[in-house]
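Here is how the chains run, residue by residue.
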Amino acid sequence: MDLFHKLNLSFRHKLPVLRQTQAAECGLTCVGMIAGFYGHQIDMVSLRHRFPSSQKGSTLTDVMSFAQNLGMGCRAVRLELDELHKLSLPCVLHWDLNHFVVLKSISKNTITIHDPARGVRKVAMDEVSRSFTGVALELYPAATFEQKNEKKSISMLNLIRNVSGIGSAFTQVALLSLALEFFGIISPFYMQWVIDQVLVSSDRDLLTLLGVAFISITLFQNLISALRSWVTTWFSSMLSVQWSGNLCAHLLGLPLSYFEERHVGDILSRFGSIANIQSTLTGRFISSIFDGVMALVTLAVIFTYNANLTFVVIGLFLLYALIRWISFEPFRQANEDQLLASAQAQSQLLESIRGVQAIKLNNKQDLRVSTFTNETVESTNKGITTQKLSIGFSTLQGTISGVGKIVLIWLAAGQVLDGNFTSGMLVAFISFSDQFISRSAGLINALIEFKMLRLHGERISDIVLTEKEQNMESNIALAEQEGPVRLDIRQLSFRYSATDAEIFTGFNLAIEAGESIAIIGPSGQGKTTLAKLLLGLLKPVSGSICINGVDHTKLGMTHYRDLIGSVMQSDMLFAGSIMDNISFFDASLDRHHVERVARIAQIHDDIMAMPMGYNSMVGDMGSSLSGGQIQRVILARALYRKPRILILDEATSHLDVARESAINAAIKHMAMTRVIIAHRPETILSADRIIQISRNGIMEVPKPDFIRLVNASQPVLEAG
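Computed from a predicted structure; not experimentally measured.

1. With respect to the overall build of the protein
Piece 1. Summing up its helical and strand segments, the protein has 25 helices and 18 strands in all.
Piece 2. In summary, the protein has a C-alpha radius of gyration of 34 Å against a globular reference of 27 Å for 720 residues, an excess of more than 25%.
Piece 3. Projected onto its principal axes, the C-alpha positions of the protein cover 120 × 75 × 55 Å.
Piece 4. Counting only residues that meet the buried cut, the protein has 48% of its 720 residues in that class.
Piece 5. The contacts of the protein with a sequence gap of at least 6 include a subset with a gap of at least 24, amounting to 74%.
Piece 6. Surface accessibility of the protein: about 35000 Å² in total, with carbon and sulfur atoms responsible for 58%.

See below:
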């Protein structure tokens, strides 16, 4: 046996299932699964942090690079379908020309793959023939490979600990649960005493006393139960508000790249996992823990009745626990599959809603409905799988419980016939045994549900464990508190990921305070990327961006962005009035300033022509306004901030020439430094300087040369 196969055998573990979150990280996910198979347990959060992948996808070379960095050796092979059995499994297959999957096993007519997008799949050979491209990548532990656990997890206890009021709420629920357990323990004695004491002696006074006592107990029991339900409801609501608020604050504090790399439906699905965690922790977890503790007390009680019968009861409980333990992993996998399938269906629906105009114009309603229906069917099928498992478990558990109780009564009745039990003891023993089984089963269920919360914890970990934007707080202040500022870009280099080509290398540009520059160049040369770097939305690989000689990271992103007004191509309006959107829901609204900037943006007359003026609603994402009106409202919003730097990325592309010229003339005389990305000659010529950028570097274009280029219709004017 060669060294490769010896290493393969000595490192083997269970092949894990990892699911991609970003559309282009299937290759990285496959590497993570095979690393886990050989003993390097790692999750997608850790992989993503170590290997930021390109949004455009990964090549086979990139996948090999990921694997080598994790200490694995690689061997890329080209083979025919009938040669799959020669591969060392698991290995990576190139699939459908744009995807990677992990081949787990091969049978006569099917193969089993771990698909990063869809989970574990059995694929028939005819589908394999259509999807497999003939390229495979074998991965194996190299000399530098280490078996270790790099998985990051969220502690449920840490989540709870950060909630204010948790201590008092937990104490109240605990005391109320303890009282309920006490009442539950003594309730079976009522039947025993009535049968063994009252009926035997015909003592009516004792019957009355027992009746009054246990009616009082029942009233107290129900009162305490209602009080516990109320405390639990209040605690649940408090937990939901605080957790949701904290998670939303963290989510909105994440870098822009996080949102650009994920579907909205997937983010919402992960956010929704908080509700599942909260409902489990507050719904029955605390009470179930006390049920389990009191089950020990109940067990001690039934031991005093009969030890042999108690062992039968314990046997029934252990059988229940065994069934729950065996069924846990299938349940967990089925629930995860359903969550992911539901998120994909939600993403499809949200995408269709946002793109309904394009769908209608291209008559693709049927296609989108079909796609959504397929995703819904997939989600429903996953749900049916979960229900099948649940029905099967419930049926098996009910059968064992029913048969076990019949056998227990039969054995206990034999003890009565033998004179070891009274009739009342029989009734009480059966009642106590039912309590023990139900309480201990409740504890098992609570522990299983708590363990199942790891699934939801893993999903929100994609949000919680992703680092927020850095350098938000200010370490230094600008000496000049007002007026335009000087902007210096020094040796700036940037790429979106380690596998992408550099957009900028050693980029240098100086913009004087109050100066206006126009950025031009062919499409795809990095104009919008430069704007995002200047806004602090992207982090350069190297180099610096300085404001009046101070590095913008030292100013803190919060303070730095307060200096900037911007209009980006992807900017949008929010539900509310035009006044709200121009002021961006400013709590200390300056109505006169709103009107002033609206006039500069040439939108005031349009607003006054509307029935409700500045109080007119903009609709969903500005649906009640035209494209040009939306751009002008967003421009007014940027000017409302009284920025010292103004960055415009195709800010007037939807406007007519007259309005564009009026806006350019107004902005030109404002005291601010301006960076304008445009392709219209009128806007470009309004700037003091014209800078052309390309992958080869930057070049200043004199205005006379630019005018000649315009007249000659050079491609320099292409939009970015």
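2. Some words on the nonpolar core
Piece 1. Core analysis: the largest hydrophobic core is formed by 40 residues, its most contacted members being Ile582, Tyr614, Leu635 and Leu648.
Piece 2. Among the elements of the structure, β11 (516-520), α19 (578-583), α20 (591-600), α22 (627-640), β15 (645-649) and α23 (657-668) are those that each provide at least two residues to this core.
Piece 3. Ignoring sequence-local partners within four residues, the contact set of tyrosine 614 consists of Ser577, Ile578, Met579, Ile582, Val594, Glu595, Ala598, His604, Ile607 and Met608.
Piece 4. By size, the runner-up hydrophobic cluster in this structure holds 34 residues, among which are Leu530, Leu535, Leu538 and Ile645.

3. A word on α23
Piece 1. The first and last C-alpha atoms of α23 sit 16 Å apart over 12 residues, in line with the 16 Å expected at 1.5 Å per residue.
Piece 2. Buried residues of α23: Glu660, Ile663, Asn664 and Ile667, and no others. Along the axis of α23, the buried positions cluster into a sector of 100°, meaning they face one direction only.
Piece 3. For α23, the elements touching its buried residues are α20, α22, β15, β16 (673-677) and α24 (681-685).

4. Description of the sheet that holds strand β14 (residues 564-567)
Piece 1. Taken together, the six strands give an open sheet; going across it, the order is β14-β15-β16-β11-β17-β18, and neighbouring strands pair in mixed fashion. This sheet does not close on itself; its edge strands, each paired only once, are β14 and β18 (697-700). Within the sheet, the average angular offset between the axes of one strand and its neighbour, ignoring direction, is 20°.
Piece 2. Two strands pair when backbone bridges link them, and β14 and β15 are joined in this way by four bridges, in the parallel orientation.

5. A word on the side chain of histidine 40
Piece 1. Looking at where histidine 40 falls in the secondary structure, it is placed in strand β1 (residues 40-41).
Piece 2. Aside from chain neighbours lying at most four places away, what touches histidine 40 is Ala35, Arg50, Leu70, Phe145, Glu146, Gln147, Lys148 and Glu150.

6. Here we look at a nonpolar patch on the surface
Piece 1. Taken together, the side chains of Met572, Phe574, Phe584, Phe585 and Met621 define a hydrophobic patch exposed on the protein surface, amounting to about 450 Å² of accessible area.
Piece 2. Relative to the elements of secondary structure, methionine 572 occurs in the loop between β14 and α19.

7. Things to note about the confidence of the model for the protein
Piece 1. Looking at the protein as a whole, its pLDDT mean stands at 82, while 93% of the residues score no less than 70.
Piece 2. Mean pLDDT in the protein bottoms out at helix α1 (residues 3-11), which sits at 48, and peaks at α20, which reaches 93.
Piece 3. A low-confidence stretch, residues 714-720 stays under pLDDT 50, and its non-local contacts, those more than four residues away or across chains, total 24 contacts.

8. A closer look at unusual backbone geometry
Piece 1. Residue proline 90 is bonded to the preceding leucine 89 through a cis peptide linkage, with omega at 0°.
Piece 2. Mapped onto the fold, proline 90 is located in the loop between β2 (72-78) and β3 (91-95).
Piece 3. Positive phi is not limited to glycine here, since glutamine 491 has a value of about 50°.
Piece 4. Given the relative accessible area of 48%, glutamine 491 is considered partly exposed.

9. A closer look at the packing of helix α12 (residues 307-354) against helix α14 (residues 365-417)
Piece 1. Where α12 contacts α14, the two axes come as close as 9 Å, and the packing angle between them is 170°. One finds that α12 runs roughly antiparallel with respect to α14.

10. Here's the deal with the packing of aromatic side chains
Piece 1. The tally for this structure, following the rule as stated, stands at 14 aromatic pairs.
Piece 2. Between phenylalanine 51 and phenylalanine 66 the ring centres are 5.5 Å apart and the planes differ by 50°, which places this aromatic pair in the tilted class. Taken as a pair, phenylalanine 51 in the loop between α3 (44-50) and α4 (60-69) and phenylalanine 66 in helix α4 lie far apart in primary sequence, 15 residues in all.
Piece 3. Residue class for phenylalanine 51 comes out buried when judged on its relative accessible area of 8%.
Piece 4. Here phenylalanine 66 falls in the buried class, since its relative accessible area comes to 4%.
Piece 5. Aromatic side chains tyrosine 305 and phenylalanine 432 sit 6.1 Å apart centroid to centroid with 50° between the ring planes, which places their arrangement in the tilted category.

11. Here's the deal with the pairing of strand β12 (residues 542-547)
Piece 1. Bridge analysis of strand β9 (residues 487-494) against β12 gives five bridges, and the strand direction is antiparallel. By the bridge assignment for β12, leucine 487 is matched with isoleucine 547.
Piece 2. With antiparallel pairing between neighbouring strands as the criterion, β12 and strand β13 (residues 550-551) make up a hairpin whose turn holds two residues, including asparagine 548 at a positive phi of roughly 50°.

12. Digging into the pattern of salt bridges
Piece 1. Enumeration over the complete set of coordinates arrives at 22 salt bridges.
Piece 2. Across the pair arginine 561 and glutamate 469 runs a salt bridge whose closest N-O atoms are separated by 2.7 Å. One end of the pair, arginine 561, is in helix α18 (residues 557-562); the other, glutamate 469, is in the loop between α15 (423-464) and β9, and 92 residues separate them in sequence.
Piece 3. The exposure class of glutamate 469 is buried, given its relative accessible area of 19%.
Piece 4. A salt bridge links glutamate 595 to arginine 599, with the shortest nitrogen-to-oxygen separation between them at 2.9 Å. Placement of both glutamate 595 and arginine 599 in helix α20 is noted, with a separation of four residues, approximately one turn of the helix.

13. Here's the deal with the environment of asparagine 471
Piece 1. With respect to the element layout, asparagine 471 can be found in the loop between α15 and β9.
Piece 2. A relative accessible area of 39% places asparagine 471 in the partly exposed class.
Piece 3. Separated by 82 residues in sequence, asparagine 471 and threonine 553 place their C-alpha atoms 5.7 Å apart.
Piece 4. In contact with asparagine 471, not counting residues within four places along its chain, are Thr553, Gly556 and Met557.

14. Quick notes on the sheet that holds β9
Piece 1. The strand order across the open sheet built from four strands is β10-β9-β12-β13, with neighbouring strands paired in antiparallel fashion. Bordering the open sheet on either side are β10 (504-511) and β13, each of which pairs with just one other strand.
Piece 2. In this sheet, β13 lies alongside β12 in antiparallel orientation, the contact comprising two bridges. Paired with cysteine 546 across the two strands is aspartate 551, which belongs to β13.

Calculation rules
Residues numbered from 1 in each chain as written. Predicted model: local features only at pLDDT ≥ 70, side-chain atom pairs only at ≥ 80, totals over all residues. Heavy atoms only, no water. Helix = DSSP H or I, 4+ residues; strand = E, 2+ residues; numbered from the N terminus. Rg over C-alpha atoms; globule rule 2.2 N^0.38 Å. Buried < 20%, exposed > 50% of the residue type's maximum accessible area, 1.4 Å probe, protein only. Contact = heavy atoms within 4.5 Å. Areas by Shrake-Rupley, 256 points an atom, 1.4 Å probe, with all protein chains shown as cover. Core = buried A, V, L, I, M, F, W, Y, C linked by side-chain atoms within 4.5 Å. Expected span 1.5 Å × (residues − 1). Arc of directions from axis to C-beta. Pairing = 2+ DSSP bridges. Axes fitted to C-alpha atoms, helices over the stretch in contact; angles between N-to-C directions. Patch = residues over 30% accessible without salt bridge, like charges linked within 9 Å, V, L, I, M, F, W, Y side chains within 5 Å. Salt bridge = Lys/Arg side-chain N within 4 Å of Asp/Glu carboxyl O. pLDDT = per-residue confidence, 0-100. Parallel < 35°, antiparallel > 145°, perpendicular 65-115°, else oblique. Phe/Tyr/Trp six-rings, centres within 6.5 Å; stacked < 30°, edge-to-face > 60°.

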